Amino acid sequence: MHPLRVLVVTPTLPPSLEPLREIAYNYWWCWDEEAQALFARTDPELWERVHHNPLALLQHISQARLEALARDSDFRAFLTYVHQRFQSALQAPVQYTTPPGTSLGTIAYFCAEYGIHESFPNYSGGLGVLSGDYLKTASDMGVPLVAVGLLYQQGYFQQRLSESGWQYELYPTNDISRLPLTLMREETGRPLLVSLPFPKGPVTVRIWRMLVGRVPLYLLDTNHEHNPLVEYRDITDRLYGGTLETRIQQELVLGIGGMRALRALGIRPTILHLNEGHTVFAALEWLHQMMEDYGVDHATALELVRASTVFVTHTPVPAGNEIFDPELLRRYLEPYATEIGIPCTDLLSLGHINGEGGGFGTTVFGLNVAWHRRGVSRLHGRTARRMWRELWRDFPEEEVPIGSITNGVHLPSWVAPEIAALLDRYLGTEWRTRSGTTPALWERVQAIPAAELWRAHELLRSRLVSTLRERCRTFPGPARLNPAALTIGFARRIALYKRPGLLFRDVERLRRILCHPERPVQLVLAGKAHPQDIPAKNLIQQLIRTIVEAGLEHHVVFLENYSLELTRLLVQGCDLWLNTPSRPQEACGTSGMKASLNGVVHCSTLDGWWDEAYTGTNGFAIGTPEEYANPEEQDAADAESLYTLLEQHIVPLFYERNADGIPDRWVQMMKNAIQTVGTAFSCRRMLQQYIDECYLPAQQWRMSLAENNAAQARALAQWRQRLEAAWDRVRILHVLTDAEPELSAGSSLHVRVEAELGELSPEDVRVELYLGRLHPSGALEEIRTAVLEHVHTESSGRHWFQGGLVLEESGQFGFTVRIVPWHPALPTPTELRLCHWAESWTTSQT
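Calculation criteria
- Residues numbered from 1 in each chain as written.
- Predicted model: local features only at pLDDT ≥ 70, side-chain atom pairs only at ≥ 80, totals over all residues.
- Heavy atoms only, no water.
- Core = buried A, V, L, I, M, F, W, Y, C linked by side-chain atoms within 4.5 Å.
- Buried < 20%, exposed > 50% of the residue type's maximum accessible area, 1.4 Å probe, protein only.
- Helix = DSSP H or I, 4+ residues; strand = E, 2+ residues; numbered from the N terminus.
- Contact = heavy atoms within 4.5 Å.
- Bend = angle between axes of the 7 residues up to and from the residue.
- Polar contact = N/O pair within 3.5 Å; in protein donor to acceptor, adjacent residues only side chain to side chain.
- Phe/Tyr/Trp six-rings, centres within 6.5 Å; stacked < 30°, edge-to-face > 60°.
- Lys NZ or Arg CZ within 6 Å of the ring centre and 35° of its normal.
- Pairing = 2+ DSSP bridges.
- 1 Å grid on protein atoms, 1.4 Å probe; cavity = no way out; pocket = protein on both sides within 12 Å on 5 of 7 lines; lining within 4 Å.
- Points joined across faces, edges and corners; volume = space filled by probe spheres on them.
- Nonpolar A, V, L, I, M, F, W, Y, C, P; charged D, E, K, R; others polar.
- Axes fitted to C-alpha atoms, helices over the stretch in contact; angles between N-to-C directions.
- Parallel < 35°, antiparallel > 145°, perpendicular 65-115°, else oblique.

## Considering the nonpolar core
Note on soluble globular proteins: their nonpolar side chains tend to be buried together.
Then, number 1: Among the nonpolar cores identified, the biggest contains 287 residues, and F110, V143, L145, L423, F620, W666 and Y695 are the most heavily contacted of them.
Then, number 2: Looking at this core element by element, the count peaks at 17 residues for helix α28 (residues 683–726).
Then, number 3: Once you skip the residues sitting within four places of it in the chain, L145 turns out to touch I107, Y109, Y134, L135, A138, V215 and P216.

## Here's the deal with helix α17 (residues 417–427)
Then, number 1: Within α17, the full set of buried residues consists of E418, I419, A420, L422, L423 and L427.
Then, number 2: Summarising the contacts, the buried residues of α17 are in contact with α2 (33–42), α18 (431–434), α19 (439–442), α20 (450–471), α24 (591–597) and α27 (664–680).
Then, number 3: The first or second residue beyond α17 is G428, which carries a positive phi of 85°.

## A short note on helix α26 (residues 631–654)
Then, number 1: By the largest-angle criterion, L646 marks the main kink of α26, which is about 45°.
Then, number 2: Sitting at the amino-terminal end of α26 is N630, which places a side-chain oxygen 2.9 Å from the backbone nitrogen of E632.

## Some details on the side chain of S596
Then, number 1: The residue S596 is located in helix α24 in this model.
Then, number 2: For S596, the contacting residues outside a window of four places in its chain are H602, W609, A673, I674 and V677.

## Examining the packing of aromatic side chains
In this description, an aromatic ring pair is defined by two values, namely the gap between the centres and the angle between the planes.
Then, number 1: According to the stated counting rule, one finds 27 aromatic pairs in the structure shown.
Then, number 2: The interplanar angle of 15° and the centroid separation of 5.8 Å between the aromatic rings of F39 and W47 together place this pair among those described as stacked. For the pair shown, F39 and W47 are each scored as buried.
Then, number 3: Between W609 and W610, the aromatic rings sit 5.2 Å apart at their centres with planes inclined by 55°, giving tilted as the arrangement. With respect to burial, W609 and W610 carry one shared label: buried.
Then, number 4: Site record: aromatic cluster; members linked through ring pairs are Y109, Y114, Y134, Y690 and Y695.
Then, number 5: A cation over a ring is seen here: K528 above F157, with NZ or CZ 5.0 Å from the ring centre.

## Some remarks on the pairing of strand β7 (residues 203–212)
A regular strand carries its side chains on alternate faces of the sheet.
Then, number 1: Burial within β7 is extensive, with 8 of its 10 residues counted as buried.
Then, number 2: Bridge count between strand β5 (residues 181–183) and β7: 3 bridges; the pairing is antiparallel. Its bridge partner lying in β7, L183 is registered against W208.
Then, number 3: Sheet topology note: the strand β6 (residues 193–196)/β7 ladder contains 4 bridges and is antiparallel. Considered in β7, the bridge of S195 is made with T204.
Then, number 4: Connecting β6 to the next strand, β7, in antiparallel fashion are 6 residues, including G201 with a positive phi near 120°.
Then, number 5: Taken together, the 7 bridges between β7 and strand β8 (residues 215–221) define a ladder with antiparallel strand orientation. Residue pairing across strands places W208 opposite L219, the latter belonging to β8.
Then, number 6: The antiparallel hairpin formed by β7 and β8 contains 2 residues in its connecting segment, where G213 sits at a positive phi of about 65°.

## Things to note about the sheet that holds strand β15 (residues 474–475)
Then, number 1: Read from one edge of the open sheet, 7 strands run β15-β18-β17-β16-β19-β20-β21, paired in mixed fashion. Edge positions in the open sheet fall to β15 and β21 (619–622), since each of these has one partner strand only.

## Things to note about the layout of surface pockets
Then, number 1: One number sums up the size of the second largest pocket: a volume of about 970 Å³.
Then, number 2: Together, 31 residues line the second largest pocket, and H51, E118, Q158, N561 and S563 are the ones closest to its centre.
Then, number 3: Taken together, the elements giving at least two residues each to the lining of the second largest pocket come down to β3 (158–161), α20 and α23 (564–573).
Then, number 4: Looking at the lining of the second largest pocket, its residues break down into 12 nonpolar, 10 polar and 9 charged.

## Focus: the packing of helix α5 (residues 63–71) against helix α6 (residues 73–91)
Then, number 1: Interhelical geometry of α5 versus α6 gives an angle of 85° and a closest axis separation of 5 Å. Between α5 and α6, the angle falls in the class roughly perpendicular. Counted together, L69, A70 and R71 of α5 and S73, F75 and R76 of α6 form the full contact between these two elements.
Then, number 2: Taken together, the residues of the contact of α5 with α6 sort by class into 3 nonpolar, 1 polar and 2 charged.

Written out as structure tokens, the structure reads:
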């Protein structure tokens, strides 16, 4: 039997308590300690039962309790205080910087998942948590950003483990009435809908708004009566669920539907920020809108899209970059291509490497439609340049135009209240608003007395242990953890490359470390495997079986259903945070930043952010920066390094105490860890870096190309077509130099180059001298280039260029010459991916 209608009956708030509802409908409360304390004070037991969800609290609190609170003058005063804090946060001055005379336009930020708070299970892991931190930081800084995502009916799964350790997935339906969502409506009151063409007819999308401080997050939903097909209603069913076809449907709704939703809401962004390949179809509708706004063809509109789009790849593992069957995708793109008037083949070609055949890569598409490309750590940037060099096959790897901006964390969301109080006392409250911009500020961490920091940390460890004992389902049995033992945390998505089993390679050696009678160690594990990743699910089961067979139940536990709530407990309460990815397969790894922020010492392979953060005094490094060709050799070497670190350094250092029972040298490492994150790895630093390196340049390029009804964009598109058609006739004929084989430092290398340009002019190209130090392998390193000047055109149409470089250093060097396309409207000569290098036979001496 099903009800005819569903009614939500909630207590009536007395007028004096109405601000509670206003605060509850904005996730600002989730990173404000006072706001959380306010809701907890209304009914402490109920607050815990509803897992810190204010709307659920207001739905279930008794009317009698509300009336009592309305009569409580102390509570009303506290409510007024928190509400004033809330209003001040929404009206605070901007805290980002731009050059004098410039302002920042609206940024449309797209992501498939958002990890804002555990009450909104719309995330699966690091990408979602990062996007949640990004929105919170944008709110704090007053950045004009709007976010777009999908509203999943069931979100990501809840993990259940059988007695044997096998992972099962539960998908409870999210109760929208318990989420701070507002359905967007037309002036008539009807829901505001947008649609996009699909093979079986149009799919219709509803738009919901969720407020994250000052940032609106618009979430799209297909599960409603305007979609007659159950298949269409189920598109927004599960995050990363269903078949490949479901993924195509979701990503088209997110991208195309998301841009159409913004247009329907009257929002016209200046910059498009695409996170990962899931979001790239937003660039298609961005292209369509550019065509309509400027009355241009799709080639011209594509120049505008590239100039104003930021694409961020988060995946250094090839398997993590989606590849779609082009024929399956064609079924979905053809109706859309017909609607917007672009040949479907042209759209599909943007997902192929250099326009060639094969599968449609969403990452390839993103790299093809954006000039502003970034990885998420310095090492990941290098890895991405190596992974995607085939797109720029005529250029050396270091010139592949993929930069990097290392991720950061939203400090107020992750710092424990006890640590925050210490920072307030010894740094002043400005650390909350100036992180990542003032290194001198964070040097004050060193002034925190060791006894105070250690006392706060011991309280956090005790809280972790008591919570795990009382509230968490653990495997292989109930948690019997020691509140005084060295506690190691390993919690993240379970995947083979993250190597959670590395510590278990030698179980007897691990047993000796954990079960030492005077220096006990305990290990807390947590993480979910993707439902379709059977090897990772096998790994979880194998870990639990190993714990049982080795008799380590009192020293090792695996926590079921890892969540944001558990993350906070662990990164605040563990002593050591362990990370063991196989280098260089970790894109960034922000959980280690969250732990270090709380003085939890980080121990990791030199991968992701740790490769650039590790100093030797702020944590521990497993292994070396070497990357092994043989994975088994790398695992063996890293396991040996980890065991040695634990036996000879970590455990002895932790248990080395002064007369007052404080581990002075360990606490010093804790201070250094906090200082490292506050100085360089906050989300404020990250967002300001995106503004400086991507958003402002994207805005300027777009404005330049769009002037005079996109006159420069039209010219650039025509030039690109002309140059690509003529490039086959470009070649270097001769390179002449009078340089001797041996030269003195300070002398000059001068060359003359004869080139054939076909139908192109010297203004269409740049001829460069390319000089580098000679590596034993024959490759060139430490590259310097010089643009050669055009000096003469022969009657035959051949062109002469000349120029040179001063040889400032001694050593063995090599040089060559190349021709690249050149246009002042392009950010780099690599954008056309065309380059001619001098062949060996073209070089001669004068």
